[in-house]
Amino acid sequence: MLASASGGIRRPGDRIFSGTAVAAALTILALLAGVAVFLVVEAMPAVTADAAQLPEGKSLVDYIAPLAFGTVLAATLAVVVAVPLAVAVALFISHIAPRRLVLALGFLVDLLAAVPSIVYGLWGIFVLGPAAVPVLEWLEAKLGFIPFFEGPASATGRTMLVAGLVLAVMILPIVCAVAREVFSQTPRKLQEGALALGATRWEMMRMTVLPFGRSSIISGAMLGLGRALGETMAVTIILSVSGIVTFNLISQANPSTIAANIALDFPESSGVAVNTLIASGLVLFAITLVTNLIARAIISRQNIE
Amino acid sequence: MESSARIRPPLAELGGGALPDWASYGVIAGSALLGAALLAAAGTLSVALLLVLTTVLSCSAIYIWSRLVEGSRRALDRLVTFLIVAAFGLALIPLLSLLFEVVKRGLPGFDWEFLTTSSRGVIGGGGAAHAIVGTVVITGVAAAISVPIGIMAAIYLTEFEGGRLRRALTFFVDVMTGIPSIVAGLFAYALFAIFFGPGIRLGVMGSAALSVLMIPIVIRSSEEVLKIVPNQLREASYALGTPKWKTIVRVVLPTAFAGLVTGVMIAVARIIGETAPLLVTTGVVDSINTNPFEGRMQNLAVYAYSEYRTPGVMKQASYDRAWAAALTLIAIVMLLNLVARLVYHRYKTEAH
Amino acid sequence: MLRPTEATRGAETRNPMTQGQQEATVSGLAPTEAAPLAKTVETRDLSLFYGDFQAVKDVSVKIEPNRVTALIGSSGCGKTTFLRSLNRMHELTPGARVEGEITLDGENIYAPGIDPVNVRRLVGMVFQAPNPFPTMSVYENVAAGLTLNSRRIKRAEKDEIVERSLRGSHLWNEVKDRLDKPGSSLSGGQQQRLCIARAIAVEPEVLLMDEPCSALDPVATLAIEDLIRELKSRFTIVIVTHNMQQAARASDVTAFFNLEETGKPGRLIEIGATEKIFTTPSEQATEDYVSGRFG
């Protein structure tokens, strides 16, 4: 970026232009401030109200806590499944696949990111859910002693496990893109150094590519986590909600997530119920904000090193 | 002086032997056959199970065979390669399944009636014309808001100095990229509710919500594109005595034009399928509404959702329409992505 | 019987068998006990391609065991390409192709069925820019090749090999108290010696060095050159260098590569004892290059 080329003389054209550009920048800051402010304003009534007036008669904290639990559970499940898979796919595209196919393969994986979430929701409930039922039954039968698979297995597949898997598919391209980028930037001299010692390809990847990309993988995982935390439609459609707090992944009774809860209840709500939902939205915003900030912090530390 | 001789085995035997070139393919084929045979014997014939069996069998087989012939290091290398390829296949399955199912389930409902009639006054029938119109209007207004603001902000970030304002802006754009879509919807709702009272639903509210999501995308991609414009071009223009704003308008923007257009198209593709923010702002309605400032407006994504959530008397017909809407959405998104890439390759100026 | 010092200077041609026999005699072994071809690299009609472009043409050369052979020549004449073909790194570039034969101790390293991993175990390489693994400590860097090659190596044995390798690369005294610090925390010259220690820890037969001092200051350069002279007793060393003074200082044998013109493949013009190449070369092109008329 170059310094002011007019040597300090501010021509009218320059002034108008830079003024407009600055105005645009300020608009955005105002917008963001506005988001925070308006949300807080609209959420306030719920914070100050009595528990009796809130939906379900619970206090605000009791209302939001199970939703927060469900949000984090679904998102964590998604990250646990998606990150190793994304790293493997990224290794495949950057180091194993034939060079000519790399663009096409990357495009295919990126296509996953282009699918709207409502479509993922429909696919999850009509296709993946039913297809997963035999698997859920098998899990209950063989691994039912683990709290995650206590069962009873749902007959429709509308479970936390399926929702988590769909979320995993949705965040896979995000993590994979970050990983691909860093893997392909691993310095050649490091990789050749490992190969020159007589390493096999996997040993070379383990010694150089993966350690080199470690911070980026983590920040990519956090970005994916942020996305999964805020995802609404897929969870809204797929999950069969009963509001209980449980680690049971395969049953019909699941906690809802903050976002899905808003989507389900908002259209028919009025009065303080609306304020409550907005308050929960604020909590979600705070959670995703912290996640994303941590991700950016990790990236910038990597850049400094 | 050390002895120059060291007795060691010949190279060919150093790490053990070598598997034939066709080993990997042979193992996969063999495992597939074996898996199919086992399934047939057990009476179940499921593609998914066959894939799982083939993967498990071939990974085990290649490792054992390679371990015996080539040694443990080479065997591990082969096994990991197999696992990575399997992971890629696994990642592709949802994509293929998704595209296949959307086409399969959406095509039956995807007819002329679907595209041209709205759902007004029709019980258990009708089409999505109102949703399509609504999508165009809402997205159009959102783009009209986001593109100028976004590109100007990107110009500010790349072409001007600004110290604190710049740093703050970069930070906040980062924050904005992480806003959950439903929170953006809530914000638009809150904004309008404060001025117009609660319970309001307007097309333009949806556009506002989508703008919150779209602006950071446009800024980020425009920034990337503007940064790529080489400084030599700017310097050449300044050396001719051109003022800064003219340089930006006459030199930088035209050079970056293809990239900017691509960025905008991709941003549109990203938000056109957004449902959540619209659920809380534009509401659900059955008739065509072309005025974003008056009353509720339907949109393809919300239409698909509501057909699923509140199906009419004939459930399957509603589900069909939901899938048809999904198909329309995916088609539009894919088309936008494709056209964006084509535009980029066709019109990009090789400014080297 | 010629004394070894005389044998390495002034000889017009190299007779490999005589050389081998003299070594065997010097080391006290009768000719039949020593392996006459040990640590010998030989190429026959070697041509190297990147796709359709031929980088190196018809090189037939014998690299003397336990000697330092320097490859000199102007930029782009194929010396690095030639070097990288000796440990099968050339083929890592997409489209790269090899025609002809390269033998290590009499065995063709490009024969079908030969695993390049095994070749690289025996032919080590030190690169132009020092490349210690940044996420590993000094100790782990030196041991990196060891853990690859023999899984079940005891800690005590590993310690011993690491120390021996660091001593062998003249780095031990400087890092013995910092073995667990990251490899990248050392200075440039130290990093390069670390990479040399890493390469020799696996006891290769041949050590290839691609302009190992070009990224280093003069003091570090001299240190490495001393090291190279010392290491040749254990390994056959081939070093690519742009610096003619370095070739004159550090090597026993020098090979001069050249291009006829840009776009043509590089060829081996002349190879001989270093002193001869630099004082009385046989080819005019060699003389022009070493006297600085081009390059």
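Enquirer: Would you take a moment to explain the overall build of chain A for this structure?
Expert: In terms of helices and strands, chain A carries 11 helices and zero strands. Each helix and strand of chain A, ordered N terminal to C terminal, gives the series α-α-α-α-α-α-α-α-α-α-α. Counting over 305 residues, chain A shows a buried share of 56%. Taking contacts inside chain A between residues at least 6 apart in sequence as the whole, the part at least 24 apart equals 77%. Charge centroids of chain A, computed over 17 positive and 16 negative side chains, lie 18 Å from each other.

Enquirer: Would you mind showing me how to read unusual backbone geometry here?
Expert: Peptide bonds are mostly trans, and most non-glycine residues show a negative phi. All names here are of chain C. One non-glycine residue with positive phi stands out, namely His170, at about 60 degrees. Looking at the secondary structure, you find His170 in the loop between helix H6 (155-168) and helix H7 (172-175). Given the relative accessible area of 34%, His170 is considered partly exposed. Despite not being glycine, Glu211 shows a phi value in the positive range, around 45 degrees. For Glu211, the location among the structural elements is in the loop between strand E7 (206-210) and helix H9 (218-231). Under the relative-accessibility criterion, Glu211 is labelled buried at 10%.

Enquirer: Can you help me understand the pairing of E7(C) in this one?
Expert: In summary, the side chains of a regular strand alternate between the two faces of the sheet. Residues and elements named next belong to chain C. Taken across its five residues, E7 has five buried, putting it largely inside the fold. By the alternation rule, side chains of E7 split into Val206, Leu208 and Asp210 and Leu207 and Met209, which are all buried. Relative to E7, strand E6 (residues 123-126) is paired through four bridges, and the arrangement is parallel. When the sheet's bridge partners are listed, Met125 is paired in E7 with Leu208. Bridge count between E7 and strand E8 (residues 236-240): five bridges; the pairing is parallel. Directly across from Val206, in E8, lies its bridge partner Thr236. A crossover links E7 with its parallel partner E8, the connecting element being H9, and its sense is right-handed.

Enquirer: Got a minute to help me understand the pairing of E8(C) in this structure?
Expert: All names here are of chain C. Burial within E8 is extensive, with five of its five residues counted as buried. Of the two faces of E8, both are covered, the one formed by Thr236, Val238 and Val240 as well as the one formed by Ile237 and Ile239. With four bridges joining them, strand E3 (residues 68-72) and E8 adopt parallel strand pairing. In the strand pairing of E8, Thr69 is matched with Val238.

Enquirer: I tried to follow the pattern of salt bridges on my own but got confused; where do I start?
Expert: Oppositely charged side chains may form a pair once their charged atoms are brought near each other. All names here are of chain A. For the coordinates displayed, the defined rule picks out 29 salt bridges over all chains. Residues Glu231 and Arg227 are paired through a salt bridge, measuring 3.0 Å at the closest nitrogen-oxygen approach. By relative accessible area, Arg227 is classed as partly exposed at 34%.

Enquirer: Explanation requested: the nonpolar core in the structure shown.
Expert: The tendency in soluble globular proteins is for nonpolar side chains to be buried as a group. Membership of the largest hydrophobic core comes to 234 residues, with the highest contact counts inside it found for Tyr120(A) and Phe183(A). A total of 23 residues in this core trace back to one element, the largest contributor, which is helix H2 (residues 60-96) of chain A. Ignoring sequence-local partners within four residues, the contact set of Phe183(A) consists of Val87(A), Ala90(A), Leu91(A), Ser94(A), His95(A), Val209(A), Leu210(A), Gly213(A) and Ile217(A). The next biggest cluster of nonpolar side chains, apart from the first, holds 24 residues, and it includes Ile196(C), Ala199(C), Ile200(C) and Ala220(C).

Enquirer: Help me understand the packing of aromatic side chains, please; the structure alone is not making it clear to me.
Expert: For any pair of aromatic rings, the description rests on two quantities: the centre-to-centre distance and the angle between the ring planes. Within this structure, the stated rule accounts for 14 aromatic pairs over all chains. Taking 5.3 Å as the distance between ring centres and 85 degrees as the angle between the ring planes, the aromatic pair formed by Phe69(A) and Phe247(A) counts as edge-to-face. You can see Phe69(A) sitting in helix H2 and its partner Phe247(A) sitting in the loop between helix H9 (233-238) and helix H10 (258-265), a full 178 residues away along the chain. A residue is classified by how much of its surface remains accessible, and Phe69(A), at 21% relative accessible area, is partly exposed. Arranged with centres 6.1 Å apart and planes meeting at 80 degrees, the rings of Phe148(A) and Phe247(A) form a pair that is edge-to-face. Of this pair, Phe148(A) sits in the loop between helix H4 (117-143) and helix H5 (160-184) while Phe247(A) sits in the loop between H9 and H10, and the two are 99 residues apart along the sequence. Judged by relative accessible area, Phe148(A) falls into the partly exposed class, the value being 36%. Among the aromatic residues, those joined into a cluster by ring pairs are Phe69(A), Phe148(A), Phe149(A) and Phe247(A). One residue, Arg97(C), lies across the ring of Phe49(C), its end atom 4.1 Å from the ring centre. In this arrangement the basic side chain of Arg198(C) is found over the ring face of Phe133(C), its NZ or CZ atom lying 4.4 Å from the centre.

Enquirer: I'm lost on the interface of chain B and chain A in this one. Help?
Expert: Much of the literature gives interface size as the accessible area that the parts lose upon coming together. The interface of chain B with chain A comprises 85 residues on the first partner and 84 residues on the second. Taken together, the two surfaces of chain B and chain A that pack against each other cover about 7600 Å², and 81% of this comes from carbon and sulfur. If you sort the residues of chain B by the area they bury against chain A, Ile84(B), Phe88(B) and Tyr308(B) come out on top, with a joint share of 8%. In this structure, Arg73(B) engages Glu203(A) in a salt bridge whose closest nitrogen and oxygen atoms are separated by 2.8 Å. Counting across the chain B and chain A interface gives five residue pairs in polar contact (both at pLDDT 80 or more).

Enquirer: What exactly am I supposed to notice about the side chain of Gln246(C) here?
Expert: Residues and elements named next belong to chain C. Relative to the assigned elements, Gln246 resides in helix H10 (residues 244-250). For Gln246, a relative accessible area of 4% puts it in the buried group. Polar contacts involving the side chain of Gln246 include one to the side chain of Glu225, which spans 2.8 Å. Not counting the four nearest positions on each side in its chain, Gln246 is found in contact with Cys213, Thr221, Glu225, Ile239, Thr241 and Ser251.

Enquirer: What exactly am I supposed to notice about helix H9 (residues 203-228) of chain B here?
Expert: Residues that lie three or four places apart on an α-helix share one face, since the helix turns once every 3.6 residues. Residue and element names in this part refer to chain B. The terminal C-alpha atoms of H9 lie 37 Å apart, and with 26 residues this matches the ideal 38 Å at 1.5 Å per residue to within 8%. The largest bend in H9 amounts to roughly 30 degrees and is located at Val212, with the proline Pro216 lying one to four residues further along. Along H9, 21 of the 26 residues are buried, which leaves the element largely enclosed by surrounding structure.

Enquirer: I'm lost on a nonpolar patch on the surface in this one. Help?
Expert: A surface patch of nonpolar side chains, about 500 Å² in accessible area, is lined by Val37(A), Val41(A), Ile194(B), Phe195(B) and Phe196(B). In terms of residue count, the dominant contributor to the nonpolar patch is helix H8 (residues 181-196) of chain B (three residues). Looking at the element boundaries, Phe195(B) is found in helix H8.

Enquirer: Sorry, what's going on with the side chain of Glu211(C) here?
Expert: Residues and elements named next belong to chain C. Buried charge without a salt bridge: Glu211, with Lys79 as the nearest opposite-charge side chain at an N-O distance of 5.1 Å. Of the polar contacts made by the side chain of Glu211, one reaches the side chain of His242; its length is 3.1 Å. In contact with Glu211, not counting residues within four places along its chain, are Gln128, Val240, Thr241 and His242.

Enquirer: Looking at this structure, I do not really get the packing of H2(A) against helix H3 (residues 102-114) of chain A. What am I missing?
Expert: The description of two packed helices rests on the angle between their axes and on the distance between the axes. Residues and elements named next belong to chain A. Closest axis-to-axis distance for the H2/H3 pair is 9 Å, and the angle between their directions is 160 degrees. Between H2 and H3, the crossing angle belongs to the class labelled roughly antiparallel. Here the hand of the crossing between H2 and H3 comes out left-handed. Contacts between H2 and H3 involve Val89, Phe92 and Ile93 on the former and, on the latter, Val102, Leu105, Gly106 and Val109. Here the contact of H2 with H3 is built from residues that sort into six nonpolar, one polar and no charged.

Enquirer: Explanation requested: the state of the cysteines in the structure shown.
Expert: Simply put, the disulfide is a covalent bond whose two ends are the sulfur atoms of two cysteines. Following the criterion strictly, the structure yields zero disulfides over all chains and no others. Distance from the sulfur of Cys59(B), which forms no disulfide, to the nearest cysteine sulfur (Cys176(A)) is 19 Å. Overall, Cys59(B) belongs to the buried group, its relative accessible area being 9%. Unpaired in terms of disulfides, Cys77(C) finds its nearest cysteine sulfur in Cys213(C), a separation of 18 Å. Accessibility expressed as a relative area gives 0% for Cys77(C), which makes it buried.

Enquirer: Explanation requested: the confidence of the model for chain C in the structure shown.
Expert: Parts of the prediction with low pLDDT should not have their coordinates interpreted in detail. Mean pLDDT for chain C: 84, with 86% of residues reaching 70 or above. Within the model, the stretch residues 1-34 of chain C combines pLDDT values under 50 with 27 contacts to residues more than four positions away or in other chains.

Enquirer: What exactly am I supposed to notice about helix H6 (residues 188-196) of chain A here?
Expert: Summarising burial for H6(A): seven of the nine residues are buried, a large majority. Buried within H6(A) we find Leu190(A), Gln191(A), Glu192(A), Gly193(A), Ala194(A), Leu195(A) and Ala196(A). Close packing links the buried residues of H6(A) with H2 and helix H7 (201-212) of chain A together with helix H3 (79-86), helix H4 (116-122), E6 and helix H8 (188-201) of chain C.

What counts, and where the lines are drawn
Residues numbered from 1 in each chain as written. Chains lettered and ligands numbered in written order. Predicted model: local features only at pLDDT ≥ 70, side-chain atom pairs only at ≥ 80, totals over all residues. Heavy atoms only, no water. Helix = DSSP H or I, 4+ residues; strand = E, 2+ residues; numbered from the N terminus. Buried < 20%, exposed > 50% of the residue type's maximum accessible area, 1.4 Å probe, protein only. Contact = heavy atoms within 4.5 Å. Lys, Arg positive; Asp, Glu negative; His and termini not counted. Charge placed at Lys NZ, Arg CZ, Asp CG, Glu CD. Pairing = 2+ DSSP bridges. Right-handed = clockwise from strand over helix to strand, strands pointing away. Salt bridge = Lys/Arg side-chain N within 4 Å of Asp/Glu carboxyl O. Core = buried A, V, L, I, M, F, W, Y, C linked by side-chain atoms within 4.5 Å. Phe/Tyr/Trp six-rings, centres within 6.5 Å; stacked < 30°, edge-to-face > 60°. Lys NZ or Arg CZ within 6 Å of the ring centre and 35° of its normal. Buried area = accessible area lost by both parts, 1.4 Å probe. Polar contact = N/O pair within 3.5 Å; in protein donor to acceptor, adjacent residues only side chain to side chain. Expected span 1.5 Å × (residues − 1). Bend = angle between axes of the 7 residues up to and from the residue. Patch = residues over 30% accessible without salt bridge, like charges linked within 9 Å, V, L, I, M, F, W, Y side chains within 5 Å. Areas by Shrake-Rupley, 256 points an atom, 1.4 Å probe, with all protein chains shown as cover. Axes fitted to C-alpha atoms, helices over the stretch in contact; angles between N-to-C directions. Parallel < 35°, antiparallel > 145°, perpendicular 65-115°, else oblique. Left-handed = near helix turned anticlockwise from the far one by under 90°. Nonpolar A, V, L, I, M, F, W, Y, C, P; charged D, E, K, R; others polar. Disulfide = S-S within 2.5 Å. pLDDT = per-residue confidence, 0-100.

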